[in-house]
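Residue-level structure breakdown
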Amino acid sequence: ILYEMLAGRAPFSGDTDMATAVARLTNAPEPVRSVRPEVPRPLEDVVARSLARDPDYRYPSAKAFKDALSPGRDTAPTGPLVPPRPAPDPPDFERTQVGAPSPAAPPPAAPAHAPAATPRRRRWWPWLLLVLALLGAGGAAAYLLATSSDDAGPAAKAGAASRALPIVAARDFDPAPGDGSEHPDETRFAIDGDPRTTWQTESYANRNFGNAKSGVGLWVQLDAAHDISSIVVTTLEDGWSAQIYVADQPGDTLAAWGPARAGGDGLPAVNTFALQRTRGQYVLIWCTQLPETDKLQIGDVKVEGR
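Predicted model, so just to flag it, every value in this text is computed and none were measured. (Residues numbered from 1 in each chain as written. Predicted model: local features only at pLDDT ≥ 70, side-chain atom pairs only at ≥ 80, totals over all residues. Heavy atoms only, no water.)

**Let's talk about the pairing of strand β4 (residues 216-235)**
The cut-off we apply is this: Note on classification: 1.4 Å probe, protein chains only; a residue is buried when its accessible area is under 20% of the maximum for its type, exposed when over 50%, partly exposed between these limits. A run of DSSP states H or I qualifies as a helix once it reaches four residues; a run of E qualifies as a strand once it reaches two. Both are numbered from the N-terminal end. A pair of strands is labelled paired if DSSP reports no fewer than 2 bridges between them.
Extensive coverage of β4 is indicated by the burial of 15 of its 20 residues. Note that strand β2 (residues 167-173) and β4 share six bridges and pair antiparallel. Among the inter-strand pairings, Ala169 is bridged to a residue of β4, identified as Gln221. As paired strands, β4 and strand β7 (residues 270-289) are joined by 14 bridges and run antiparallel to one another. Paired with Val233 across the two strands is Asn271, which belongs to β7. Note: β4 against strand β8 (residues 297-305), seven bridges, orientation antiparallel. Directly across from Ser230, in β8, lies its bridge partner Glu304.

Structure (structure tokens):
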């Protein structure tokens, strides 16, 4: 978690869940400073040690990890935190003989030229069991997803994967016969996440824009083209009417936006427009009738999808 907080991404990743699991078992994570050079090197050392593949090199407790992160610590140790486990003693052949007495004194020291003890070997079968378990879980999940998705409707499928999509800009939309401007300096308030700050239309003589035009609008730009499942619009009044358009590029005229993807009359102050099989980068909220106040005030726009 600390690695992800510092680097902005998980320490292990892969194209699939299985690839991620294998990377976790076989690879060391990329150093934090290669992703975020501003991270202090001592902190990078602590993170690297906490993710060491060899348990002997990791911190033995949460307290030891906390102490390593405490102010005043300017380095992380590099050797094992616990002494390596000794290799088991070789079997004593004489003690295995039936009736052979136990030696009265310890055996003589090994000659100076004796080879060093062979390092202990890690057991590989627990890792194999883990990989097989992950494969089984992945296969079961894929099967359940495939079978359940056949029975789910388009709305259920879209809702399961929907999330708020990033909006990078907002613009007013008042094509001819309008004058081309509807408080352009306030459009940012519709996407600032605060419904108390609003973009609003001009005040008109009646709910039908003074009978001078068919509507006015506000469009928002996503960071890229996405599969869009719904648009949530928060206003200060209810009783308004609107249509939703989605396109790859913003149009200068309403016709250039293509067909309307959703809409409604007499809408509540907070309304969700559900869309199906719609993909694009630009979303237009086209108001076709104003509330009783003769102006529309939009406090928040959210675009949801994949």
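**Thoughts on helix α4 (residues 41-50)**
Helical geometry: 3.6 residues make up each α-helical turn, so side chains three or four residues apart lie on a common side. How we decide: Contact criterion: two residues are considered in contact whenever any of their non-hydrogen atoms come within 4.5 Å of each other.
Buried within α4 we find Glu44, Val46, Val47 and Arg49. Buried residues along α4 sit against α1 (2-7), α3 (32-35) and α5 (62-69).

**Here's the deal with the pattern of salt bridges**
Condition: Any carboxyl oxygen of Asp or Glu that lies within 4 Å of a side-chain nitrogen of Lys or Arg is treated as forming a salt bridge with it.
Per the counting criterion, the structure on display carries twelve salt bridges. Glu44 is the salt-bridge partner of Arg41, the closest N and O atoms lying 3.9 Å from each other. Here Arg41 pairs with Glu44, and both are found in helix α4, just three residues apart, close to one helical turn. Between Asp300 and Lys302 there is a salt bridge; the shortest N-O distance is 2.7 Å. Residue classification places Asp300 among the buried residues on the basis of a relative accessible area of 7%.

**Structural notes on the nonpolar core**
What counts here: Here, nonpolar core refers to any group of buried Ala, Val, Leu, Ile, Met, Phe, Trp, Tyr and Cys residues whose side-chain atoms link them within 4.5 Å.
Core analysis: the biggest nonpolar cluster contains 29 residues, and Ile228, Ile231, Phe273 and Ile298 have the highest contact counts within it. Among the elements of the structure, β4, β5 (240-247), β6 (262-267), β7 and β8 are those that each provide at least two residues to this core.

**Focus: the confidence of the model for the chain**
In plain terms, the rule: What pLDDT expresses is the predictor's confidence in each residue, scored from 0 to 100.
Of all residues in the chain, 73% have pLDDT values of 70 or greater, and the mean over the chain is 80. Between the elements of the chain, mean pLDDT differs from a low of 50, seen in helix α7 (residues 154-161), to a high of 97, seen in β5. Low confidence marks residues 92-100, where pLDDT is under 50. Its contacts with residues over four positions away, or in another chain, come to two contacts.

**Concerning unusual backbone geometry**
It is generally the case that most residues other than glycine have a negative phi and that most peptide bonds are trans. Residue Ala176 is joined to Pro177 through a cis peptide bond whose omega torsion reads 15 degrees. Residue placement: Pro177 occurs in the loop between β2 and β3 (199-200). You will see that His183, though not glycine, has its phi angle at about 50 degrees, which is positive. As for its position among the elements, His183 is in the loop between β2 and β3. A positive phi angle, close to 60 degrees, is found at Asn211, a residue other than glycine. In this fold, Asn211 is placed in the loop between β3 and β4.

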